[in-house]
Amino acid sequence: MDLRLYDTLTREKRPFVPLDPNNVRMYVCGPTVYDFAHIGNARPVIVFDVLFRLLRHRYGADHVTYVRNITDVEDKINARAVRDFPDLPLNEAIRHVTEKTAAQFHADVEALGCLPPTFEPRATEFVLPRADGKADMVTLIGQLLARGHAYEAGGEVLFDTASMPDYGMLSGRKLEEQQAGVRIAVEAHKKNPADFVLWKQSSANEPGWESPWGRGRPGWHIECSAMSAAYLGDVFDIHGGGLDLIFPHHENEIAQSRCAHGTPTMANYWMHNGFLQVEGDKMSKSTGNFVTIRELLYDWPGEVLRFQMLMTHYRSPIDWTRHATEQAAVALDGFLHITRSVDIEDGNISPDVLAALSDDLNTSQVVVQLHALAARGRAGDYQAACDLKATCNFLGFGLKEVGLQDILRHQKSDIDSSRVDALILDRAVARARKDFKESDRIRDELAGMGVVLKDGKDANGKPVTTWEIAR
Ligand SMILES: [Zn+2]
């Protein structure tokens, strides 16, 4: 079964052929660590974790190298350090911010069922030439200058986009269009408005490293060119990230890496996950619908959020809704119920799920296949139940006992469930004394709250009332 992946650069889905099947190499842009990660940040982490698992399955766990960096030098980090730790020396304050935020990020993505990447380099360790000879930013910038792809101006080192005839292939933006469309005045020191910073000078109260171009700090894009080359070489297999990184970040990574190394390509497959919005709106701090992973993890097990993320194909936009979270919880609760008492050792990873994943990571089809297995398991097919358990485990779902029924009950919109329970008890009492007028009144009151009652009998034949939210 061929693995086929959609490549943003060539705009086609094509068979994945690794450069070296003994060492399949993937790089994904990681977080800038200055604040809690939001649920949109979780999307590439989960999507590429699933791809990592698939590649490990196909090529062997020891034959896949996955690098996801941590950006720990950035002006937003400096600003946060000054705000949060005004009494500390800047470097110490920055270290506090980046270490705390990186630890939060690790805890969040572990809760979402993601494996740690093979390497997780921090940008600050790759600024200056290293004792181990791995690629670094200062050396890369030196190479770009030596090859005529960069110039010094206005206290900065800039990439000279005009020196690269095919700059703009990934995003499809042509240099001339960018010049024609530019409305703001070109910064005077730039030869071309699209030229971007490789190195900039630091003032005394900004973090900086001594370089051939004075004390300064790297631009954002050069970080990933250095760290990917350090662990994966000049050309590697897959480069991933969110759609929002295509321009300028990935475009500029390609320009830097290709021009510094003199290679026709940087990575053979460029994969981008789609946008995420929340309850129909773009997530933004100003509108108040900015949702952190941490906040969601207060209310839901990480597996539910992971499942919800995989219900949509990674290239499609996701509308992150509470309704979908509940759907994910109901699905996982069903899977747990079916697989609770079966032996995972008796199960195999479903070939239908592997086929869906191999078709450009079609996780929405994976979810369909999991439901099909669950239906067979529910009908008494022991092998299907075992396969469901093994397949869920492969996908990063441990199907732990987390009391999803209780969580769902308490998550039901903003309804006060203790008030609902009290009214149900009052109604049962009214019914017991045959006061049906009162019991109907209570039922109508609950209906007005959006609660639908279901009367049934428990295992001992005693009447029991459950409730759910009207949809
Ligand atoms: Zn990057």
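Refer to the structure above for everything that follows.
The model shown is predicted, which means the values in this text are computed figures rather than measured ones.

Procedures and definitions
Residues numbered from 1 in each chain as written. Predicted model: local features only at pLDDT ≥ 70, side-chain atom pairs only at ≥ 80, totals over all residues. Heavy atoms only, no water. Helix = DSSP H or I, 4+ residues; strand = E, 2+ residues; numbered from the N terminus. Contact = heavy atoms within 4.5 Å. Core = buried A, V, L, I, M, F, W, Y, C linked by side-chain atoms within 4.5 Å. Buried < 20%, exposed > 50% of the residue type's maximum accessible area, 1.4 Å probe, protein only. Domains from an automatic or database assignment. Pairing = 2+ DSSP bridges. Donors = N, O, S within 2.8 Å, 3.2 Å for Na, K, Ca; no water. Axes fitted to C-alpha atoms, helices over the stretch in contact; angles between N-to-C directions. Parallel < 35°, antiparallel > 145°, perpendicular 65-115°, else oblique. Left-handed = near helix turned anticlockwise from the far one by under 90°. Nonpolar A, V, L, I, M, F, W, Y, C, P; charged D, E, K, R; others polar. 1 Å grid on protein atoms, 1.4 Å probe; cavity = no way out; pocket = protein on both sides within 12 Å on 5 of 7 lines; lining within 4 Å. Points joined across faces, edges and corners; volume = space filled by probe spheres on them. Salt bridge = Lys/Arg side-chain N within 4 Å of Asp/Glu carboxyl O.

Let's talk about the environment of Asp72
Residue placement: Asp72 occurs in the loop between strand S4 (64-68) and helix H2 (75-84). Discounting chain neighbours no more than four positions away, the residues touching Asp72 are Val33, Ile77, Ile94, Thr98, Arg122, Ala123 and Thr124.

Regarding the nonpolar core
Nonpolar side chains in soluble globular proteins tend to end up buried together. Core analysis: the biggest nonpolar cluster contains 73 residues, and Ile39 and Leu55 have the highest contact counts within it. Counting residues per element, this core draws most heavily on helix H1 (residues 39-59), which supplies 12 residues. Both domain 1 (4-144 + 163-175 + 218-276) and domain 2 (320-407) contribute no fewer than three residues apiece to this core. Residues Ala226, Ile254, Cys259 and Ala267 belong to the second largest nonpolar core, which totals 39 residues.

Side note on the sheet that holds strand S12 (residues 281-282)
What holds strands together in a sheet is hydrogen bonding between their backbones, with the strands either parallel or antiparallel. Pairing is mixed in the open sheet, where three strands are placed in the order S12-S11-S13. Each edge of the open sheet is held by one strand with a lone partner, namely S12 and strand S13 (318-320).

Concerning the coordination of the zinc ion
Ideal geometry at a metal centre: 109.5 degrees between donors when four sit tetrahedrally, and 90 or 180 degrees when six sit octahedrally. Bound to the zinc ion on the protein side are Cys29 (SG), Cys224 (SG), His249 (NE2) and Glu253 (OE), at distances that span 2.0 to 2.4 Å. Sequence spacing of the donor residues for the zinc ion, all on one chain, is C-x194-C-x24-H-x3-E. In this pair, His249 and Glu253 are both assigned in helix H7 (residues 246-261), four residues apart and thus about one turn of the helix distant. We classify Glu253 as buried; its relative accessible area is 0%.

Some points on the packing of helix H10 (residues 322-339) against helix H13 (residues 382-394)
The geometry of H10 relative to H13 is characterised by a closest axis approach of 9 Å and an angle of 125° between their N-to-C directions. When the axis of H10 is compared with that of H13, the two are oblique. Considering how the two elements wind past one another, H10 and H13 form a crossing that is left-handed. Two secondary-structure elements touch here, H10 through Phe335, Ile338 and Thr339 and H13 through Ala385, Leu388, Lys389 and Cys392. When its residues are assigned to classes, the contact of H10 with H13 shows five nonpolar, one polar and one charged.

Points about empty space enclosed by the protein
In this structure the tally under the stated criterion is one cavity of 30 Å³ or more. The computed volume of the largest cavity comes to approximately 40 Å³. Lining of the largest cavity is provided by Val47, Val50, Met309, Leu310, Thr312, His313, Tyr314, Leu361 and Thr363.

Notes on the pattern of salt bridges
Overall, the coordinates contain 28 salt bridges when judged by the stated rule. Between Arg83 and Asp84 there is a salt bridge, and its shortest N-O distance comes to 2.9 Å. On the basis of relative accessible area, Arg83 is assigned to the exposed category, the value being 57%. For Asp84, a relative accessible area of 32% puts it in the partly exposed group. Its salt-bridge partner being Glu401, residue Arg340 comes within 2.7 Å of it at the nearest N-O pair. Taken as a pair, Arg340 in the loop between H10 and helix H11 (351-358) and Glu401 in the loop between H13 and helix H14 (404-411) lie far apart in primary sequence, 61 residues in all. Residue Arg340 is classed as partly exposed on the basis of its relative accessible area, which comes to 43%. Accessibility expressed as a relative area gives 54% for Glu401, which makes it exposed. Counted as one network, the salt bridges with shared partners bring together Asp75, Lys200, Glu206 and Arg217.

Focus: the packing of helix H4 (residues 137-146) against H7
Relative orientation of the contacting elements H4 and H7 amounts to 70°, with a least axis distance of 8 Å. The angle between H4 and H7 places the two elements in the roughly perpendicular class. The chirality of how H4 crosses H7 is left-handed. Each of Leu140, Gln143 and Leu144 in H4 lies in contact with H7, whose residues at this interface are Gln256, Cys259, Ala260 and His261.

Re the side chain of His250
Looking at where His250 falls in the secondary structure, it is placed in helix H7. With a relative accessible area of 0%, His250 lands in the buried category. In contact with His250, not counting residues within four places along its chain, are Cys29, Leu170, His239, Gly240, Gly241, Leu245, Trp270 and His272.

A word on the sheet that holds strand S5 (residues 150-153)
Ordered by their spatial adjacency, four strands build an open sheet running S5-S6-S7-S8, and the pairing between neighbours is antiparallel. Only two strands of the sheet have a single neighbouring strand rather than two, namely S5 and strand S8 (216-218). If you compare each strand with its neighbour and ignore which way they point, the axes differ by 20° on average.

Structural notes on the pairing of strand S6 (residues 156-159)
Every second residue of S6 is oriented toward a common face, with Glu156 and Leu158 on one face and Val157 and Phe159 on the other, all of them buried. Note that S5 and S6 share four bridges and pair antiparallel. Among the inter-strand pairings, Tyr151 is bridged to a residue of S6, identified as Leu158. Here S5 folds back onto S6 in antiparallel fashion, the turn holding two residues, of which Gly154 has a positive phi close to 55°. The pairing of S6 with strand S7 (residues 197-201) spans three bridges and is classified as antiparallel. Paired with Glu156 across the two strands is Lys200, which belongs to S7.

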